[in-house]
Amino acid sequence: MEVPWRRNLVVLWLGVFFCSMAYSMVIPFMSLFIAHDLGITDHLTIWSGFTFGITFLASALIAPFWGSLSDKYGRKPMLLRAGFALCLVYVLNAFVRNPFELVIVRILTGLLSGYVPSAIALIATNTPEKKVGFCLGIMSTAGAAGGIIGPLAGGALSKFVGYRESFLAAGAIVLIPTLIAWLFVREYNFDKNKARSRVIDDLRSAAENRPLMRHLTVVLIVTASVMVLEPLLSLYVLHLGSSAADASFSSGIIFSAVGISTVIAAPVWAKIGERIGYRNTLIIGLVGGGLGNVLQVFFHDIFGFGTLRFIYGLFFAAVFPALNALIVQTTEPEFRGRAFSLNQSAGQLGNMMGPIAGGTLAGWIAIPAVFVMNGMLLVATAVALKLNIGSKTGRPAGTNSSVGHY
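It should be emphasised that the depicted structure is a prediction, and the values quoted were computed from it without experimental measurement.

Bringing the overall build of the protein chain into the picture now. On a plain count of helices and strands, the protein chain comes out with 17 helices and 0 strands. Of the contacts made within the protein chain by residues no fewer than 6 positions apart, 85% connect residues no fewer than 24 positions apart. When the accessible area of the protein chain is evaluated, it comes to approximately 17500 Å², of which 70% is carbon and sulfur surface.

Structure representation (structure tokens):
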């Protein structure tokens with residue numbers, strides 16, 4: 001039976017788009033919700049940072065468990081579990097009455113998440129091998145597109161309807177694509193009779209796969225590099241001359257510029273990766289993204305800064321599709337659900353570490369210096385990958401066979 005991979009791609013693209021949209025709808029006003037609706041004025045930044053970080057930490061810790069279940073019972077059941085659970089926790093956000101209840105709901109959000117890695121794993125295991133890289137590139141545009149639309153929708157809803165109602169809307173937005181996936185997504189490539197692995201064994205198998213561990217390390221680094229700048233961009237926009245009233249709007253446009261360039265460039269990089277190899281594509285993306293960060297210090301007006309961020313996004317769009325394709329190439333199909341869950345863990349740790357590092361660095365050095373350090377880290381990562389003589393050998397996690405070429 002032919003797997004309907006094109007239909008899966010369309011349906012799951014929509015699912016990832018709506019999940020990313022829902023997430024980016026509520027994150028921008030979370031601190032305002034804590035202050036205005038929950039009445040927290042003392043230590044607001046601490047409460048805001050903790051509610052953000054605890055979700056990433058919970059997700060990173062639980063992801064290997066969900067990955068083990070996905071390789072036993074299928075990626076579609078895990079995708080549906082995550083979709084319905086996210087719908088529920090978004091709704092629960094609308095009913096919290098104090099910051100302690102909000103923290104509990106945010107922990108649940110992390111523990112029950114997993115729609116995006118399940119969707120990527122399903123695409124990676126139910127798509128013809130020659131189309132996997134292209135499809136993963138297309139999938140990466142879904143998150144970027146959702147990240148563009150979400151803040152605009154969340155800003156409008158929170159202003160004209162209210163914060164709590166925006167949480168309810170986010171729950172409905174996640175529910176719709178989950179129902180569509182339930183009806184139309186088909187998965188074939190998994191063995192229901194296979195014994196479920198233990199998480200500790202999965203971690204041991206992954207640790208023995210040097211290429212996989214290298215890719216997961218790069219995921220952590222590049223995710224942290226993106227998040228390092230999250231708490232700093234609005235402040236830097238003020239430094240460039242924006243008024244306090246316009247800083248939030250200007251920052252939103254600059255964030256959207258990167259998302260737009262990602263939507264444009266990611267499918268192109270996916271095709272380039274098929275021709276020159278995903279490892280080479282990854283290195284180009286890291287070097288381009290790193291130089292884009294460094295060059296930002298030479299632009300001292302908002303227009304020039306925003307333009308360079310757009311160009312940076314054109315190069316950085318190559319990074320995550322290439323990493324996803326490399327994870328596919330360095331793991332066997334029966335281990336890929338667990339591999340992408342480990343990928344989620346690495347990314348969530350980067351999400352947690354990045355803002356902490358960015359805020360700490362900005363307290364000691366100027367923000368432009370943070371851009372330079374961030375860019376140098378990306379370039380150094382690319383150089384390390386290029387010079388790593390063992391990067392073309394290794395054992396796919398979960399098997400005894402040798403890994404294929406990049």
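Taken as a whole, this structure holds 5 salt bridges when the rule is applied. Residues R204 and D201 are paired through a salt bridge, measuring 2.9 Å at the closest nitrogen-oxygen approach. With R204 and D201 both in helix α9 (residues 199-208), this residue pair falls 3 residues apart, about one helical turn. The partly exposed category is assigned to R204, whose relative accessible area is 44%.

With that out of the way, let us pick up the packing of helix α1 (residues 5-26) against helix α8 (residues 163-184). The contact between α1 and α8 brings their axes to 9 Å, and the two run at 170 degrees. Regarding the angle of α1 to α8, the classification is roughly antiparallel. The residues of α8 that touch α1, namely those facing R7, N8, V11, L14, G15, F18, C19, M21, A22, M25 and V26, are S166, F167, A169, A170, I173, V174, P177, I180, A181 and F184. Per-class residue counts for the contact of α1 with α8 are 17 nonpolar, 3 polar and 1 charged.

Further remarks concern helix α7 (residues 129-160). Here α7 is 32 residues long and its end C-alpha atoms lie 47 Å apart, about the 46 Å a rise of 1.5 Å per residue gives. Maximal helix bending in α7 amounts to about 25 degrees, located at I149; proline P151 follows within four positions.

Applying the stated criterion to the full structure yields 11 aromatic pairs. With a centroid separation of 5.2 Å and 70 degrees between ring planes, the pair formed by F17 and F18 is classed as edge-to-face. Linked through ring pairs, W13, F17 and F18 together constitute an aromatic cluster. Its guanidinium or amino end placed over the ring of Y73, K72 lies 5.7 Å from that ring's centre, counting from NZ or CZ. Sitting over the ring of W66, R81 keeps its end group 3.6 Å from the ring centre.

With that settled, the discussion passes to the nonpolar core. By size, the foremost hydrophobic cluster in this structure holds 77 residues, and its most contacted members are L12, V26, F33, Y115, V222, L282 and L286. Top contributing element to this core by residue count: α1, with 11 residues. Mapped onto the domain boundaries, this core takes at least three residues apiece from domain 1 (1-185) and domain 2 (201-388). When residues no more than four places from it in sequence are discounted, the contact partners of L12 are L79, Y115, A119, L122, I123, M139 and V185. One finds V228, L229, L233 and V297 within the second-largest nonpolar core, a separate group that totals 13 residues.

The grouping of F84, I176, L179, I180, W182, L183 and F184 at the surface amounts to a nonpolar patch, some 650 Å² of accessible area in total. Per-element accounting of the nonpolar patch gives the leading share, 6 residues, to α8. Considering the arrangement of structural elements, one finds I176 in helix α8. A residue is classified by how much of its surface remains accessible, and I176, at 49% relative accessible area, is partly exposed.

This part is about the side chain of R336. Tracing the sequence through the fold places R336 in helix α16 (residues 336-362). A distance of 3.1 Å separates the side chain of R336 from the backbone oxygen of T331, its partner in a polar contact. Apart from residues lying up to four places away in sequence, R336 is in contact with D71, R75, A121, A124, T125, E129, V328 and T331.

Attention now moves to the packing of helix α10 (residues 210-228) against helix α17 (residues 367-387). Two numbers describe how α10 lies on α17: the axes approach to 10 Å, and their chain directions differ by 165 degrees. When the interaxial angle is binned, α10 and α17 end up roughly antiparallel. Along this stretch, α10 crosses α17, giving a crossing that reads as left-handed. Where α10 abuts α17, its residues R214, V218, I221, V222, S225 and V228 lie against V370, N374, L377, L378, T381 and L385. Broken down by class, the residue content of the contact of α10 with α17 amounts to 8 nonpolar, 3 polar and 1 charged.

Let's shift gears to α8. If you check α8, its first and last C-alpha atoms are 33 Å apart, about what 22 residues at 1.5 Å a residue would give, namely 32 Å. Among the residues making up α8, those that are buried are Y163, R164, S166, F167, A170, G171, I173, V174, P177, T178 and A181. Among the structural elements, α1, α2 (30-36), α4 (75-93), α6 (115-125) and α7 are those in contact with the buried residues of α8.

Conventions used here
- Residues numbered from 1 in each chain as written.
- Predicted model: local features only at pLDDT ≥ 70, side-chain atom pairs only at ≥ 80, totals over all residues.
- Heavy atoms only, no water.
- Helix = DSSP H or I, 4+ residues; strand = E, 2+ residues; numbered from the N terminus.
- Contact = heavy atoms within 4.5 Å.
- Areas by Shrake-Rupley, 256 points an atom, 1.4 Å probe, with all protein chains shown as cover.
- Salt bridge = Lys/Arg side-chain N within 4 Å of Asp/Glu carboxyl O.
- Buried < 20%, exposed > 50% of the residue type's maximum accessible area, 1.4 Å probe, protein only.
- Axes fitted to C-alpha atoms, helices over the stretch in contact; angles between N-to-C directions.
- Parallel < 35°, antiparallel > 145°, perpendicular 65-115°, else oblique.
- Nonpolar A, V, L, I, M, F, W, Y, C, P; charged D, E, K, R; others polar.
- Expected span 1.5 Å × (residues − 1).
- Bend = angle between axes of the 7 residues up to and from the residue.
- Phe/Tyr/Trp six-rings, centres within 6.5 Å; stacked < 30°, edge-to-face > 60°.
- Lys NZ or Arg CZ within 6 Å of the ring centre and 35° of its normal.
- Core = buried A, V, L, I, M, F, W, Y, C linked by side-chain atoms within 4.5 Å.
- Domains from an automatic or database assignment.
- Patch = residues over 30% accessible without salt bridge, like charges linked within 9 Å, V, L, I, M, F, W, Y side chains within 5 Å.
- Polar contact = N/O pair within 3.5 Å; in protein donor to acceptor, adjacent residues only side chain to side chain.
- Left-handed = near helix turned anticlockwise from the far one by under 90°.

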